[in-house]
There are 2 protein chains.
Amino acid sequence: MPDGSSYEVRVGRGTIARFGESLRVCTDATKALLISDSVVSPLYGQRVREVLEESGFEVSDLCMPAGEENKNVDVARELWDAMSLLGFGRDDVVIALGGGVVGDMSGFVAATYMRGLDFVQVPTTLLSMVDASVGGKNGINTAIGKNLVGTFNQPIYVLDDLDFLATLPDREWTSAFAEIAKSAFLGSEHFYDWFTQNAHLLATHDIEATHDAILRCIEFKAGIVAADEQEQTGVRESLNYGHTLGHAIEALVGYGELTHGQAIAEGMRFAAYIAADAFDLSEDFVADQDILLDMLGLKSLEQLPDPEKLYEKMCSDKKTRDRSVRFVLPSRQGACETVTIPRGILMGYLESYASRKKANDKL
Amino acid sequence: MPDGSSYEVRVGRGTIARFGESLRVCTDATKALLISDSVVSPLYGQRVREVLEESGFEVSDLCMPAGEENKNVDVARELWDAMSLLGFGRDDVVIALGGGVVGDMSGFVAATYMRGLDFVQVPTTLLSMVDASVGGKNGINTAIGKNLVGTFNQPIYVLDDLDFLATLPDREWTSAFAEIAKSAFLGSEHFYDWFTQNAHLLATHDIEATHDAILRCIEFKAGIVAADEQEQTGVRESLNYGHTLGHAIEALVGYGELTHGQAIAEGMRFAAYIAADAFDLSEDFVADQDILLDMLGLKSLEQLPDPEKLYEKMCSDKKTRDRSVRFVLPSRQGACETVTIPRGILMGYLESYASRKKANDKL
């Protein structure tokens, strides 16, 4: 079991070749369970299995069906049962090989099977490398909503191999760009400057820029998480920039219609729109954010779902307290505040933001 | 969210009357979810609801079907969904009102709903008061085995009201006596002496002796748990005295046929039988243990399940590493060692122990 205080994240090209050896340093486990999905397993499952076996791990692999809709209690139950039948014990290790869905599911199962065993992340998507595989949050969906069940469970080790990105579809790149942009907007001036100068390279999937972005995002997020691992002080809440509206859009439009990144980018646009009004935020910040998001292919949505439905969705989301809705708003570059917005005011913002879209549309 | 470092356990008669006030000191929660079962809810649900409402909590109650067989993933899912529909958030509190099944289920749901919210225990059985409500372990059963899914989740507050014991059936008292005996055998000489002098009073459900036993058990267990909260150093493993064989017997005979206490008591008898051979443990210790267990109504089983099946069950239990089985064996009063026993030797002990039973039976 990890103590949650620190763990290594290895980032580079071809790092998987030495995964077995580097994992051996972190654990005495006999058995390793490799959890993957129906997309990633055929691509990389065999290779990862081999490098683990070369270092003496007794490897079992379990393949879950790909897709957010499978991140549910039924699949968790199948994994728990399979681990029992395979004889996994508390001294063994669970390895997530895949994107955010595999990472969330594996993290949850590793945290709850026999009250927790060691957990390792090998993300194969850029979004997972920059976001989900750092921070130790996991979540599964219920019939009522997204990520409503989960735990905090820090991995003991994270290995990012940039070569996995060779097979990543374009829409997955775009999705990750929203998280990178979010981190840059919230991060240091240094990070923001780097981002404005390199966004065009990221947009072409330049591998050096991507490597740099991963390191900067991990450094940024690790700082936030270290200050507030379990979301108790509010510091970590800043990472929800763009997520309040973003999650509601995702839920209403249907997972899969939009990428997670498009939904979050729209949430950032909306948050900046509120912030411009609430904090007299510089119009330049809002305009620069719009330009950078456009450059990365994160186009503004043509229309929003019904404001009333968006409000209801945001209320049922876990970031909500009472019937007001909490938003992370940029107060200036590199700083933000969390604000609770009452229903009446929020509905006003949603309607004016939506009608501005319609007006732009007619131009 | 509790930090797990310490929490208050209040023990006494009629303590429930001031539960609302005393809980108010521990939490700013608006909503309180009272989870109970179909046996306890009709007895005490309304009363507990009232004292919470008097202190300003907005109370919802959920009643799960009573019985170990309902401590499963389906019921967990129903509770998660109900909490969502009731609008519970991370700042609210979950209160378990009942025995070990309600405590385990509530603790698991509280640890995993929205990555964890505050959890309070109000045990209504003696077994829960002396054991399950201290230590922060929870577990639910799967199709494969008992407590295979769970977390470590310390409560923020535990309230024991001895008046709840007025409605406790005799077999539940007997069940608790096994845990009290276990603690006394493993505990300080002072505790053991108290136990030998008061076991006859406990057997009559004397309320002063019961109060004393609860306090002594909590003190004993808290010391062990503080030294090894997440079962990482091995110290906490000593609490499994009697449980290796006990759990296997329970699983094979069927939950409900035997009480948990009877199964554990049989496990202690067997462990002492092995220890007498392995460590030259004093015959007096073994004989005294037998006498004390008999005095508390924890009679020796007339026969054991098939040794081969017991072995298989113990291997599939989570205390097992490889195909050897780990036993906590008393090395002298107040001390124990954890020993890994290979299959051949263990089968020999099981067979000789079972045949000694048959021989005794013929006398």
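Reading guide: rules and limits
Residues numbered from 1 in each chain as written. Chains lettered and ligands numbered in written order. Predicted model: local features only at pLDDT ≥ 70, side-chain atom pairs only at ≥ 80, totals over all residues. Heavy atoms only, no water. Helix = DSSP H or I, 4+ residues; strand = E, 2+ residues; numbered from the N terminus. Buried < 20%, exposed > 50% of the residue type's maximum accessible area, 1.4 Å probe, protein only. Contact = heavy atoms within 4.5 Å. Areas by Shrake-Rupley, 256 points an atom, 1.4 Å probe, with all protein chains shown as cover. Lys, Arg positive; Asp, Glu negative; His and termini not counted. Charge placed at Lys NZ, Arg CZ, Asp CG, Glu CD. Pairing = 2+ DSSP bridges. Axes fitted to C-alpha atoms, helices over the stretch in contact; angles between N-to-C directions. Salt bridge = Lys/Arg side-chain N within 4 Å of Asp/Glu carboxyl O. Phe/Tyr/Trp six-rings, centres within 6.5 Å; stacked < 30°, edge-to-face > 60°. Lys NZ or Arg CZ within 6 Å of the ring centre and 35° of its normal. Buried area = accessible area lost by both parts, 1.4 Å probe. Nonpolar A, V, L, I, M, F, W, Y, C, P; charged D, E, K, R; others polar. Parallel < 35°, antiparallel > 145°, perpendicular 65-115°, else oblique. Left-handed = near helix turned anticlockwise from the far one by under 90°. Core = buried A, V, L, I, M, F, W, Y, C linked by side-chain atoms within 4.5 Å. Domains from an automatic or database assignment. Least-squares fit on C-alpha atoms with pLDDT ≥ 70 in both. Right-handed = clockwise from strand over helix to strand, strands pointing away. pLDDT = per-residue confidence, 0-100. Polar contact = N/O pair within 3.5 Å; in protein donor to acceptor, adjacent residues only side chain to side chain.

Digging into the overall build of chain A
- Check the secondary structure of chain A and you find 13 helices and eight strands.
- When burial is assessed residue by residue, chain A has 60% of its 363 residues classed as buried.
- Taking the contacts inside chain A whose residues are at least 6 apart along the sequence as the reference set, 77% of them involve residues at least 24 apart.
- Roughly 14,100 Å² of accessible area belongs to chain A as shown, and the carbon and sulfur atoms make up 48% of that amount.
- For chain A, the distance from the average site of its 33 positive side-chain charges to the average site of its 55 negative ones is 4 Å.

Quick word on the sheet that holds strand 2 (residues 31-37) of chain B
All names here are of chain B.
- Judged by pairing direction, the sheet is parallel, and its six strands sit side by side in the order 1-6-5-4-2-3 without closing on themselves. Edge positions in the sheet fall to strand 1 (8-12) and strand 3 (58-64), since each of these pairs with one other strand and no more. In this sheet, neighbouring strand axes are inclined to one another by 15° on average, regardless of whether the strands run parallel or antiparallel.
- Sheet topology places strand 2 next to strand 4 (residues 93-98); four bridges connect them, and they run parallel. Within strand 4, the residue paired with Ile35 across the bridge is Ala96.
- Seen against the sheet, helix 4 (residues 100-112) touches strand 2, strand 3, strand 4 and strand 5 (118-123) and runs at an angle of roughly 170° to strand 4.
- Packed onto the sheet, helix 8 (residues 207-227) meets strand 1 and strand 6 (157-161) and runs at close to 165° relative to strand 1.

With respect to the pattern of salt bridges
- Under the definition given, this model contains 41 salt bridges over all chains.
- Asp131(A) is the partner of Lys221(A) in a salt bridge, and the nearest nitrogen-oxygen pair spans 2.8 Å. Of this pair, Lys221(A) sits in helix 8 (residues 207-227) while Asp131(A) sits in helix 5 (residues 126-132), and the two are 90 residues apart along the sequence. For the pair Lys221(A) and Asp131(A), a shared accessibility class is recorded, and that class is buried.
- Its salt-bridge partner being Arg49(B), residue Asp61(B) comes within 2.7 Å of it at the nearest N-O pair. Note that Asp61(B) is positioned in strand 3 and Arg49(B) in helix 2 (residues 40-54), a separation of 12 residues in sequence.

Quick word on the packing of aromatic side chains
- Tallied over the full model, the rule gives 22 aromatic pairs over all chains.
- Plain terms: the ring middles of Phe185(B) and Tyr192(B) are 6.1 Å apart, the flat faces sit at 50° to each other, and that makes the pair tilted. The pair formed by Phe185(B) and Tyr192(B) is uniform in burial state, with each residue classed as buried.
- Put simply, the rings of Phe185(A), Tyr192(A), Phe195(A) and Phe285(A) pair up and form one aromatic cluster.
- Lying over the aromatic face of Tyr311(A), Arg343(A) brings its terminal NZ or CZ to 4.9 Å of the ring centre.

Some points on helix 9 (residues 243-253) of chain A
- Among the 11 residues in helix 9 of chain A, eight count as buried, and that is most of the element.
- Regarding helix 9 of chain A, the residues found buried are His243(A), Thr244(A), Leu245(A), Gly246(A), His247(A), Ala248(A), Ile249(A) and Glu250(A).

Some remarks on the interface of chain A and chain B
- Contact with chain A, which involves 35 residues of that partner, is made by 34 residues of chain B.
- In total, about 3,200 Å² of surface goes out of reach between chain A and chain B, with carbon and sulfur atoms giving 55% of it.
- Measuring nitrogen to oxygen at the nearest pair gives 2.5 Å for the salt bridge that ties Arg90(A) to Glu231(B).
- Where the side of chain A that touches chain B is concerned, the elements lending two or more residues are helix 3 (73-85) and helix 4 (100-112) of chain A.
- Looking at side-chain class alone, the side of chain A that touches chain B contains 13 nonpolar, 11 polar and 11 charged residues.

Remarks on the packing of helix 6 (residues 170-186) of chain A against helix 7 (residues 189-203) of chain A
Residue and element names in this part refer to chain A.
- At a minimum axis separation of 9 Å, helix 6 and helix 7 run at an interaxial angle of 160°. In this view, helix 6 runs roughly antiparallel relative to helix 7, as classed from their interaxial angle. Judged by the twist between their axes, the crossing of helix 6 over helix 7 is left-handed. Listed contacts from helix 7 to Phe177, Ile180, Ala181, Ser183, Ala184 and Phe185 of helix 6 are Phe191, Tyr192, Phe195, Leu202 and Ala203.
- Tallied by class, residues from the contact of helix 6 with helix 7 come to 10 nonpolar, one polar and no charged.

Observations regarding the nonpolar core
- Counting 72 residues, the largest nonpolar core has Leu126(A), Phe185(A), Phe195(A) and Phe270(A) as the members making the most contacts within it.
- Sorting elements by how many residues they give to this core places helix 10 (residues 260-278) of chain A first, with 11 residues.
- Of the residues that make up this core, three or more belong to each of domain 1 (8-167) and domain 2 (170-362) of chain A.
- Discounting chain neighbours no more than four positions away, the residues touching Phe270(A) are Leu245(A), Phe327(A), Leu346(A), Tyr349(A), Leu350(A) and Tyr353(A).
- The next biggest cluster of nonpolar side chains, apart from the first, holds 71 residues, and it includes Ile180(B), Phe195(B), Ile264(B) and Leu296(B).

Overview of the relation of the copies chain A and chain B
- After a rotation of 180° and a shift along the axis of 0.0 Å, chain A superposes on chain B with an RMSD of 0.0 Å. The transformation just described matches what one would write down for a two-fold rotation axis.
- Counting the interface residues of chain A, we find that 97% of their copies in chain B are interface residues as well, pointing to one common contact surface.

Describing the pairing of strand 3 (residues 58-64) of chain A
Residues and elements named next belong to chain A.
- With seven bridges joining them, strand 2 (residues 31-37) and strand 3 adopt parallel strand pairing. From the neighbouring strand, Ala32 faces strand 3, where its bridge partner is Val59.
- Crossover strand 2 to strand 3 through helix 2 (residues 40-54) is right-handed.

Quick notes on the confidence of the model for chain A
- Mean pLDDT over chain A works out to 92, with 96% of the residues at or above the 70 mark.
- For this predicted complex, the interface score ipTM comes out at 0.88, alongside a pTM of 0.90.

Looking at the packing of helix 10 (residues 260-278) of chain B against helix 11 (residues 283-295) of chain B
All names here are of chain B.
- Closest axis-to-axis distance for the helix 10/helix 11 pair is 9 Å, and the angle between their directions is 170°. Comparing the axis directions of helix 10 and helix 11 gives the class roughly antiparallel. Contact residues: Ala265, Met268, Arg269, Ala272 and Ala276 in helix 10; Glu283, Val286, Gln289, Asp290, Leu293 and Asp294 in helix 11.
- Its residues assigned to classes, the contact of helix 10 with helix 11 comprises six nonpolar, one polar and four charged.

Regarding the domain arrangement of chain A
All names here are of chain A.
- Per the domain assignment, the segments of chain A are domain 1 (8-167) and domain 2 (170-362).
- Just the C-alpha atoms count here: the centres of domain 1 and domain 2 sit 27 Å apart.
- The partner domain 2 presents 25 residues to the 22 residues of domain 1 that form the contact.
- In this assembly, domain 1 and domain 2 are joined by three salt bridges.
- The shortest N-O distance in the salt bridge between Lys137 and Glu231 comes to 2.6 Å.
- Taken together, domain 1 and domain 2 are joined by six residue pairs in polar contact (both at pLDDT 80 or more).
- When contributions to the side of domain 1 that touches domain 2 are tallied by element, the ones reaching two or more residues are strand 1 (8-12) and helix 5.
- In terms of residue count, the dominant contributor to the side of domain 1 that touches domain 2 is helix 5 (five residues).

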